[in-house]
Amino acid sequence: MSIIKDFLLQLTLMVIPIFVYFTFITEKVKSDNNKKVLMTFLWGISIILCISFPLSFGQDARLDLRFIPLLFGTLYLGFGPGVFLSVLVILYRLYSGINMGVYTTVLVLLLSLPVILFFQKTFVSSNKDKRIKIAVGLALYYCLVGLTSFGILNGFSLDIVKVQLIHLIFVVAVTWFFTMLMETIREIHQLRTELLNSEKLKVVSELSSVFAHEIRNPMQVTRGFLQLLDDPELPKSKKEYIKISIEELDRANEIIDDFLTFGKPTVNNNIKVNAGYQMERVINIIQGYSQNHHVKIQTKIEDDCWIDANPQKLNQSLINIMKNAVESMPNGGTVWVTCTATTDGNIEIMIKDQGIGMTKKQQDRLGSPFYSLKENGTGLGMMVSFQIIRSFKGTIKVNSEKGRGTEFIILLPQIFQTK
Ligand code: ADP
Ligand code: MG
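Residues numbered from 1 in each chain as written. Chains lettered and ligands numbered in written order. Predicted model: local features only at pLDDT ≥ 70, side-chain atom pairs only at ≥ 80, totals over all residues. Heavy atoms only, no water.

1. Comments concerning the overall build of the chain
For the record, the criterion: Elements are defined by DSSP. Helices are runs of H or I of four residues or more, strands are runs of E of two residues or more, and each kind is numbered from the N terminus. Atoms counted for the radius of gyration: C-alpha only. Globule rule: 2.2 Å times the number of residues to the power 0.38. Partly exposed residues are those whose accessible area sits between 20% and 50% of the maximum for their type, while under 20% is buried and over 50% is exposed, using a 1.4 Å probe and protein chains only. Charge assignment: positive for Lys and Arg, negative for Asp and Glu; neither His nor the chain ends contribute. Taken as the charge centre is NZ of Lys, CZ of Arg, CG of Asp or CD of Glu, depending on the residue.
The secondary structure content of the chain amounts to 12 helices and 9 strands. For the chain, whose C-alpha radius of gyration is 37 Å, the value lies well above the compact-globule estimate of 22 Å for 419 residues. By principal-axis analysis of the C-alpha atoms, the chain measures approximately 115 × 45 × 45 Å. Each of the 419 residues in the chain was classed as buried or not, and the buried ones make up 43%. Computed over 43 positive and 36 negative side-chain charges, the inter-centroid distance for the chain is 7 Å.

2. Looking at the site of ligand 1
Let me state the cut-off plainly: Here a residue counts as near a molecule or strand whenever at least one of its heavy atoms sits within 4 Å of it. Here a polar contact is recorded for every N or O atom pair within 3.5 Å, except that within protein the pair must consist of a potential hydrogen donor and a potential acceptor, and residues adjacent in sequence are included only if both atoms are side-chain atoms. Side-chain classes follow a simple rule in which Ala, Val, Leu, Ile, Met, Phe, Trp, Tyr, Cys and Pro form the nonpolar group, Asp, Glu, Lys and Arg form the charged group, and the remainder, Gly included, forms the polar group.
As a matter of local geometry, ligand 1 sits amid 19 residues, with Asn324, Ser372, Lys374, Thr378 and Met382 nearest to it. At a separation of 2.9 Å, a nitrogen atom of ligand 1 approaches a polar side-chain atom of Asp353. When residues of the shell around ligand 1 are traced back to their parent elements, those giving at least two are helix 10 (311–327), helix 12 (381–391) and strand 9 (405–413). Considering only residue class, the shell around ligand 1 consists of 8 nonpolar, 9 polar and 2 charged.

3. A look at unusual backbone geometry
The backbone of Asp304 sits at a positive phi, close to 60°, despite the residue not being glycine. Looking at where Asp304 falls in the secondary structure, it is placed in the loop between strand 4 (295–301) and strand 5 (306–309). By relative accessible area, which is 44% here, Asp304 ends up partly exposed. Of note in this structure, Lys393 is not a glycine but carries a positive phi near 65°. Structurally, the position occupied by Lys393 is in the loop between helix 12 and strand 8 (395–401).

4. Remarks on the packing of aromatic side chains
For clarity, the threshold we go by: Note on ring pairs: Phe, Tyr and Trp rings are taken, using the six-membered ring of Trp, and paired if centres are within 6.5 Å. Classes follow the plane angle, with under 30 degrees stacked, over 60 edge-to-face and the rest tilted. A positively charged side chain is recorded as over a ring if its NZ (Lys) or CZ (Arg) lies within 6 Å of the ring centre. The angle to the ring normal must also be within 35 degrees.
Across all of its chains, the model carries 10 aromatic pairs by this definition. With a centroid separation of 5.9 Å and 80° between ring planes, the pair formed by Phe72 and Tyr76 is classed as edge-to-face. Placement of both Phe72 and Tyr76 in helix 3 (residues 67–77) is noted, with a separation of 4 residues, approximately one turn of the helix. Taking the centre distance of 5.1 Å and the plane angle of 90° together, the rings of Tyr76 and Phe123 count as edge-to-face. Of this pair, Tyr76 sits in helix 3 while Phe123 is found in helix 5 (residues 100–124), placing the two residues 47 residues apart along the sequence. Three or more aromatic residues joined by ring pairs form one cluster here, namely Trp43, Phe72, Tyr76 and Phe123. Taking NZ or CZ as reference, Arg131 lies 4.9 Å from the ring centre of Phe123, over its face. The ring of Trp336 carries Lys352 above its face, with NZ or CZ at 5.8 Å from the centroid.

5. Examining the UniProt feature "transmembrane region" (unreviewed entry) in the chain
Condition: UniProt positions are given in the numbering used here, feature names are shortened, and annotations may be inferred rather than shown by experiment.
Within this numbering scheme, the UniProt entry marks residues 7–25, 37–58, 70–95, 101–120, 132–153 and 165–182 as carrying the feature "transmembrane region" (unreviewed entry). The span residues 70–95 is 96% helical and 0% strand by assignment, and the distance between its end C-alpha atoms comes to 18 Å. The span residues 165–182 is 100% helical and 0% strand by assignment, and the distance between its end C-alpha atoms comes to 25 Å.

6. Points about the pattern of salt bridges
Worth spelling out the cut-off: For this analysis, a salt bridge means a side-chain nitrogen from Lys or Arg found within 4 Å of a carboxyl oxygen belonging to Asp or Glu.
On inspection of all chains with the given rule, the structure shows 10 salt bridges. In this structure, the salt-bridge partner of Asp64 is Arg66, at a minimum N-O distance of 2.8 Å. Assessed through its relative accessible area of 15%, Arg66 is described here as buried. For Lys323, the salt bridge is made with Glu327, and the minimal N-O distance between the two is 3.7 Å. With Lys323 and Glu327 both in helix 10, this residue pair falls 4 residues apart, about one helical turn. Residue classification places Glu327 among the partly exposed residues on the basis of a relative accessible area of 23%. Linked by salt bridges that have partners in common, Arg131, Glu183 and Arg186 make up one network.

7. Considerations on the packing of helix 2 (residues 32–52) against helix 3
Selection rule: Inter-axis angles, ranging from 0 to 180 degrees, are taken between N-to-C directions of lines fitted to C-alpha atoms, where helices are fitted over the stretch in contact. Angular relationships are summarised with four words: roughly parallel below 35 degrees, roughly antiparallel beyond 145, roughly perpendicular across 65 to 115, and oblique for the angles in between. The hand of a helix crossing depends on one turn: near helix anticlockwise from the far one by less than a right angle means left-handed, and clockwise means right-handed. Every residue pair with non-hydrogen atoms within 4.5 Å of one another is taken to be in contact.
At a minimum axis separation of 9 Å, helix 2 and helix 3 run at an interaxial angle of 165°. Considering their axes alone, helix 2 and helix 3 lie roughly antiparallel with respect to each other. Helix-helix and strand crossings are classified by hand; for helix 2 and helix 3 the assignment is left-handed. Across the interface between the two elements, Lys36, Met39, Thr40, Trp43, Ser46 and Ile47 from helix 2 touch Pro69, Leu70, Phe72, Gly73 and Leu77 from helix 3. Each residue belonging to the contact of helix 2 with helix 3 can be placed in one class, and the counts come to 7 nonpolar, 3 polar and 1 charged.

8. Some remarks on a negative patch on the surface
Going by this rule: Patch membership is restricted to residues that have no salt bridge and whose relative accessible area is over 30%. Joining uses 9 Å for like charges and 5 Å for the nonpolar side chains Val, Leu, Ile, Met, Phe, Trp and Tyr. Values of accessible area rely on a 1.4 Å probe in the Shrake-Rupley scheme; residue burial ignores everything except the protein chains shown.
Taken together, the side chains of Glu280, Glu302, Asp303 and Asp304 make up a negatively charged region of the molecular surface. Note on placement: Glu302 falls in the loop between strand 4 and strand 5.

9. Points about helix 6 (residues 128–154)
It helps to recall that an α-helix has 3.6 residues per turn; residues three or four apart then point in one direction. Our working definition: For a helix, the expected span equals 1.5 Å multiplied by the residue count minus one.
Between its first and last C-alpha atoms helix 6 spans 38 Å; for 27 residues at 1.5 Å apiece the expected length is 39 Å, and the two agree. Gly155 sits one or two residues past helix 6 and shows a positive phi near 85°.

10. Focus: the domain arrangement of the chain
Note the following rule: Throughout, the edges of the domains are those of an automatic or database domain assignment.
If you check the domain split of the chain, you get domain 1 (2–195) and domain 2 (269–419). When each unit is reduced to the centre of its C-alpha atoms, the spacing between domain 1 and domain 2 is 66 Å.

11. Some words on the sheet that holds strand 9
Going by this rule: Two strands qualify as a pair provided that DSSP identifies no fewer than 2 bridges between them.
Judged by pairing direction, the sheet is mixed, and its 5 strands sit side by side in the order 4-6-7-9-8 without closing on themselves. Both outer strands of the open sheet, strand 4 and strand 8, are each paired with one neighbouring strand and no more. With strand direction ignored, the average angle separating the axes of adjacent strands in the sheet is 10°. Two strands pair when backbone bridges link them, and strand 7 (residues 346–352) and strand 9 are joined in this way by 7 bridges, in the antiparallel orientation. The residue bridging Glu348 from the neighbouring strand is Leu411, located in strand 9.

Below is the structure:
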């Protein structure tokens, strides 16, 4: 019974460093050097405990699995840790008294460490199967060297050979099992890392679609005005069209800047903005688009609606919402836009359409990336708009009824203009 206990304890001493490594060290410790130091330390403890609590059977036959932490430490961590762990084995054996066992230990280590180090480089660059073969081969070699050295130093006897053979079987089998275990867990971790990387790539491609989407708005508007400028019977003055076109191109430019700095932490470049004035600009910009869709825009905009915001971003989000409102009415209709100060210190922007509306389920999905019911939709406009409004510490509420229309209510903290 006690033999099984001892054996299980030895096994546990291998398992603990492996699980500590995969649970606490591999992802949480960033520097490779620190990882090495921690793992050398763990394998070191494991060696000391292995030697301290050997598997005893027969009269004074004692076996331990110290070779396995030493082998793993050397194969996975390299030259320095390998030498350190070997010295540790010798010192610890010396500490527990000088006898024949110490000589055997030193001799076996002197004969096996160079061989392990020789195979270390090949091991690191090999695949799972080859690694298992190398580790098992080295374990076999170590045990044979141990058997021979022990025999030479202590003389051969049937009992000794028997004990050494049992040792060999143990060490080789356990080495095989733990190398398998290590490699399988490593494979799983690698897969996970690859998955994370592909997730990052997805975000990048997602961002580039947002980019294209956002840049297209000002381009379409500018194109519309340029077309209008070609018209000999201009409804408005040339100057105004050119002014708006230039403003739109500037906007595109700023969006590009925004996206280039997207990865970096955003500096809060908010300023005092008159939300009403921005609303009027946005309506001006979207006018051509809504007329094409036979949509009228009715406004009620109060003066003095000051908020803390970035005007380009605010416009970007308002355009997205108004564009959706226009697009929700394929047969034309009216969009109501209001901007008022509420009594509780907020600015309320309301955009209401008489369009197709949304079911409860559709409303829940609103704002998630790529959610679009339109043939050429990107499903990104709402996501961006929600993000922008939230970044101004605002909230968006959506009331919608299928077939009747949708109402967006944006609340933003009002700031009071001191003159
Ligand atoms: P896109 O406009 O490219 O489809 P959005 O993120 O702007 O992407 O909108 C996502 C979806 O939300 C739209 O496809 C539409 O189905 C729905 N939606 C947004 N606004 C409205 C609205 N005012 N009325 C009805 N449906 C809307
Ligand atoms: Mg949209």
